[in-house]
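Overview (structure and organization)
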Amino acid sequence: MKYKFLLLSLTVMFGLQFSFGQENTIFDFNADELIGTWRPTYDNRTAELTFERQVETERKYGLRIEILKSGEFRSRYSAPCGNDSMLRTHNYNGIWSLDEDEWILTTSEPINRNGTLFKIVELKSDKMVLAEIKIE
């Protein structure tokens, strides 16, 4: 009886530790969660880009990033006034790749005005945080 209780206690303890550990480590996200349309915001204090997944039924204007499963990358800008078709600098296509060992996202065109190399700091189904890696 004493050993059964000890065995049960250890099983519960290790099971809880294992399940909580999966939520907190960066290496547990699925790379397929990158695929989709994202709306970026830049934090000057942390120099991180935070993206929120665009809801399909939501119609918002501004910058959006599309990461496609085919390896294509699109940056698009739209404005409610309709004068966005002339802004070629905000409408371009490129390619992306992911180093899954280091969780580094590389794009052929910049996601923000400067960077093409980013460390994935956080990735959830509705949020992605990237830290730009400066190339010197």
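Up top you'll find the structure we're talking about.
Remember, predicted model here, so these are calculated numbers, not experimental data. Every chain is numbered independently, its residues counted from 1 as its sequence is written. With the structure being a predicted model, the display of local features is reserved for residues of pLDDT at least 70 and the display and counting of side-chain atom pairs for 80 or more, all residues being used for whole-chain, interface and lining totals. To get the side-chain values, take all heavy atoms of the structure and skip hydrogens and water.

1. Points about the packing of aromatic side chains
Just so we agree on the cut-off: Note on aromatic contacts: the rings of Phe and Tyr and the six-membered ring of Trp form a pair at centre separations within 6.5 Å, being stacked when their planes are under 30 degrees apart, edge-to-face when over 60 apart, and tilted otherwise. Only runs of H or I of at least four residues qualify as helices and only runs of E of at least two qualify as strands under DSSP, and these elements are numbered from the N terminus.
Scanning the entire structure with this criterion turns up 1 aromatic pair. An angle of 50 degrees between the planes, with centres 6.4 Å apart, marks the rings of F73 and Y92 as tilted. Placement of F73 in strand β4 (residues 72–78) and of Y92 in strand β5 (residues 92–99) is noted, with a sequence separation of 19 residues between them.

2. Quick word on the sheet that holds β5
Quick note on the threshold: Whether two strands pair comes down to DSSP finding at least two bridges between them. Think of each axis as a best-fit line through the C-alpha atoms, taken over the contacting stretch in the case of a helix, with angles from 0 to 180 degrees between the N-to-C directions.
Read around the closed barrel, 8 strands run β1-β2-β8-β7-β6-β5-β4-β3, paired in antiparallel fashion. Averaged over neighbouring strand pairs, the angle between their axes works out to 35 degrees when direction is ignored. Pairing between β4 and β5: 4 bridges, direction antiparallel. Residue pairing in the sheet places E72 in a bridge with I95 of β5.

3. Examining the environment of G115
To be explicit about the condition: Each residue is placed in one exposure class: buried if its accessible area under a 1.4 Å probe, protein chains only, is under 20% of its type's maximum, exposed if it is over 50%, and partly exposed if it falls in between. Here, two residues are considered to be in contact whenever any of their heavy atoms come within 4.5 Å of each other.
Note that G115 resides in the loop between β6 (104–107) and β7 (117–123). In this structure G115 comes out as buried when scored by relative accessible area, which is 3%. Measuring from C-alpha to C-alpha, the distance between G115 and E132 comes to 6.2 Å, with 17 residues separating the pair along the chain. Apart from the residues lying within four places of it in its own chain, the contact partners of G115 are T107, E109, P110 and E132.

4. Let's talk about the pairing of β7
As paired elements, β6 and β7 share 3 bridges and run antiparallel to each other. When the sheet's bridge partners are listed, I104 is paired in β7 with K119. Here β7 pairs with strand β8 (residues 127–132) via 5 bridges, running antiparallel. What sits directly across from E122, in β8, is V129. From the end of β7 to the start of β8, which pair antiparallel, there are 3 residues.

5. Re the nonpolar core
Here is the rule we go by: What we call a nonpolar core is a set of buried Ala, Val, Leu, Ile, Met, Phe, Trp, Tyr and Cys residues that are connected through their side-chain atoms within 4.5 Å.
Ranked by size, the top nonpolar core spans 19 residues in total, and within it L34, F51, I67, I111, I120, M128 and L130 carry the most contacts. Not counting the four nearest positions on each side in its chain, L130 is found in contact with E48, L49, F51, L105, I111, F118, K119, I120 and V121.

6. Quick word on the pairing of strand β1 (residues 36–43)
The sheet contact formed by β1 and strand β3 (residues 62–67) spans 3 bridges and is antiparallel. Residue pairing across strands places G36 opposite I67, the latter belonging to β3. Sheet topology note: the β1/strand β2 (residues 48–53) ladder contains 6 bridges and is antiparallel. Bridge pairing links P40 to F51 in β2. Following β1, the chain reverses through 4 residues before pairing antiparallel with β2; A47 in that reversal takes a positive phi of roughly 60 degrees.

7. Notes on a negative patch on the surface
Selection criterion: Exposure above 30% relative accessible area and the lack of any salt bridge qualify a residue for a patch; like charges then connect within 9 Å, and the nonpolar side chains Val, Leu, Ile, Met, Phe, Trp and Tyr within 5 Å. The accessible surface values rely on the Shrake-Rupley method and a 1.4 Å probe; as for residues, cover is taken only from the protein chains in view. A side-chain nitrogen of Lys or Arg and a carboxyl oxygen of Asp or Glu constitute a salt bridge if their distance falls within 4 Å. We count Lys and Arg on the positive side and Asp and Glu on the negative side, and we leave His and both chain ends out. Charged side chains are reduced to one point each, which is NZ for Lys, CZ for Arg, CG for Asp and CD for Glu.
A surface patch of like charges, here negative, comprises D99, E100, D101 and E102. Relative to the elements of secondary structure, E102 occurs in the loop between β5 and β6. Given the relative accessible area of 42%, E102 is considered partly exposed.

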